[in-house]
Amino acid sequence: MKKFLQNKKLLSAFIIVVVVLAVLGGSVSLRNRRNTPLLIQSLGNDIVALGTRIVDVPVSLVSGGLNSAHDILNTQEENNHLKREITDLGQTKARNSALEKENRQLKAALKLKDTLSGYTMVNASVISRSPDTWSDLLVINKGSSAGIKKNMAVMCDGGVIGRIVEANAASSKVELLTTTDESANRFSVQADAANGKTVHGIITVTSNNYLAFTQVVDGRKLKAGTRVYTSGMGGNSPKGLLIGTVTTTTRDSFGLSDQIRIKPAGDISDPSVVTVIERQVAN
């Protein structure tokens, strides 16, 4: 103990530690008993807060400037994108305008020629069908006053069933595909063969009352299920009206050409509402 007291440095350090601890303890005890901090502590806090504000101001300015610059760059990029969109929109409108003009010119040029596929339709109801001519004729309730003319094609349920043979003012007679009249005006038809070629012929009725695609060369290239359409070559019916589908292929009684049996697409047995097809011919 004597050596410790004789060592002034250790003694001084010990005294300082004791004083600091006493001051700290007193400060804590005093702070707990006071409603407001000590003047020195309050002054220190204010100085620290003021220093923090002084430092925050330039930092906020720099940070805000960086954010503003970033927003400006984003706005500029968005403006450039919108400008490109506007330019593309203008080009699209100009291109569409040119295409519309070209389309009008092409339509005007096409009007100089007759069309094989264009047509208009008139709906009518079946009002009469005689038992003795059941497979030959029927009568509908539309006539020349509705624009119906002789030789117009007549359809029912999506397939051709015949053509107009007589047009009165308020009624018309329809000659069916199944008519056995040898003088009947038959439809010119066509079908796409398996080799990609188009096969032409006419629709007739065989001796056993089957609908047939006749006057065909090498009709064996037509497979079962092949669709048969009007060819538009007859001059009265438009091209592309469905007649029926191929079922079987045989040679005729003379062995000169193929005879192709057709299943009609339209309802020939009991039609009630029909559609008369008027081929459009441009002037």
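Quick caveat, the model's predicted, so the values are computed rather than measured.

A.B. asks: What exactly am I supposed to notice about the overall build of the protein here?
C.D. replies: Along the backbone of the protein there are three helices and 12 strands. Counting the 283 residues in the protein, one finds 26% classified as buried. Total accessible area on the protein stands at roughly 19000 Å², and carbon and sulfur atoms take up 57% of it.

A.B. asks: Looking at this structure, how should I read the environment of Thr245?
C.D. replies: Mapped onto the secondary structure, Thr245 falls in strand β10 (residues 242–251). We classify Thr245 as partly exposed; its relative accessible area is 25%. Counting along the chain gives 21 residues from Thr245 to Ala224, while the straight-line C-alpha distance between them is 7.4 Å. When sequence neighbours within four positions are dropped, the list of residues in contact with Thr245 reads Gly225, Thr226, Arg227, Arg261, Ile262 and Lys263.

A.B. asks: Teacher, can you tell me more about the sheet that holds strand β3 (residues 153–156) here?
C.D. replies: Paired through backbone hydrogen bonds, the strands of a sheet run either parallel or antiparallel to each other. The strand order around the closed barrel built from six strands is β1-β2-β5-β4-β3-β12, with neighbouring strands paired in antiparallel fashion. Across this sheet, the average inter-strand angle for adjacent strands is 45°, counted without regard to direction. Sheet analysis places strand β2 (residues 137–140) next to strand β5 (residues 172–176), joined by four bridges and oriented antiparallel. Note that in β5 the partner of Leu138 across the bridge is Val174.

A.B. asks: I would appreciate a short explanation of the packing of aromatic side chains in the present structure.
C.D. replies: Any pair of aromatic rings gets described here by the distance separating the centres and the angle formed by the planes. Throughout the structure, instances matching the rule amount to zero aromatic pairs. For Arg129, the ring lying beneath its charged end belongs to Trp134, and the centroid distance is 4.1 Å. The cationic tip of Arg261 hangs over the ring face of Tyr210; the distance from NZ or CZ to the ring centre is 3.2 Å.

A.B. asks: Even after reading the chapter, I still don't get a nonpolar patch on the surface, so can you show me in this structure?
C.D. replies: The grouping of Phe14, Ile15, Val18 and Val19 at the surface amounts to a nonpolar patch, some 350 Å² of accessible area in total. Positionally, Phe14 belongs in helix α2 (residues 8–33).

A.B. asks: Where do I start with unusual backbone geometry in this structure?
C.D. replies: Note: most residues except glycine have negative phi, and most peptide bonds are trans. Here Asn151, not a glycine, exhibits a phi torsion of approximately 75°, which is positive. As for its position among the elements, Asn151 is in the loop between β2 and β3. On the accessibility criterion, Asn151 (18% relative accessible area) is buried. Not every positive phi belongs to a glycine, and Asp157 is a case in point at roughly 60°. Of note, Asp157 is situated in the loop between β3 and β4 (159–167).

Cut-offs and rules
- Residues numbered from 1 in each chain as written.
- Predicted model: local features only at pLDDT ≥ 70, side-chain atom pairs only at ≥ 80, totals over all residues.
- Heavy atoms only, no water.
- Helix = DSSP H or I, 4+ residues; strand = E, 2+ residues; numbered from the N terminus.
- Buried < 20%, exposed > 50% of the residue type's maximum accessible area, 1.4 Å probe, protein only.
- Areas by Shrake-Rupley, 256 points an atom, 1.4 Å probe, with all protein chains shown as cover.
- Contact = heavy atoms within 4.5 Å.
- Pairing = 2+ DSSP bridges.
- Axes fitted to C-alpha atoms, helices over the stretch in contact; angles between N-to-C directions.
- Phe/Tyr/Trp six-rings, centres within 6.5 Å; stacked < 30°, edge-to-face > 60°.
- Lys NZ or Arg CZ within 6 Å of the ring centre and 35° of its normal.
- Patch = residues over 30% accessible without salt bridge, like charges linked within 9 Å, V, L, I, M, F, W, Y side chains within 5 Å.
- Salt bridge = Lys/Arg side-chain N within 4 Å of Asp/Glu carboxyl O.

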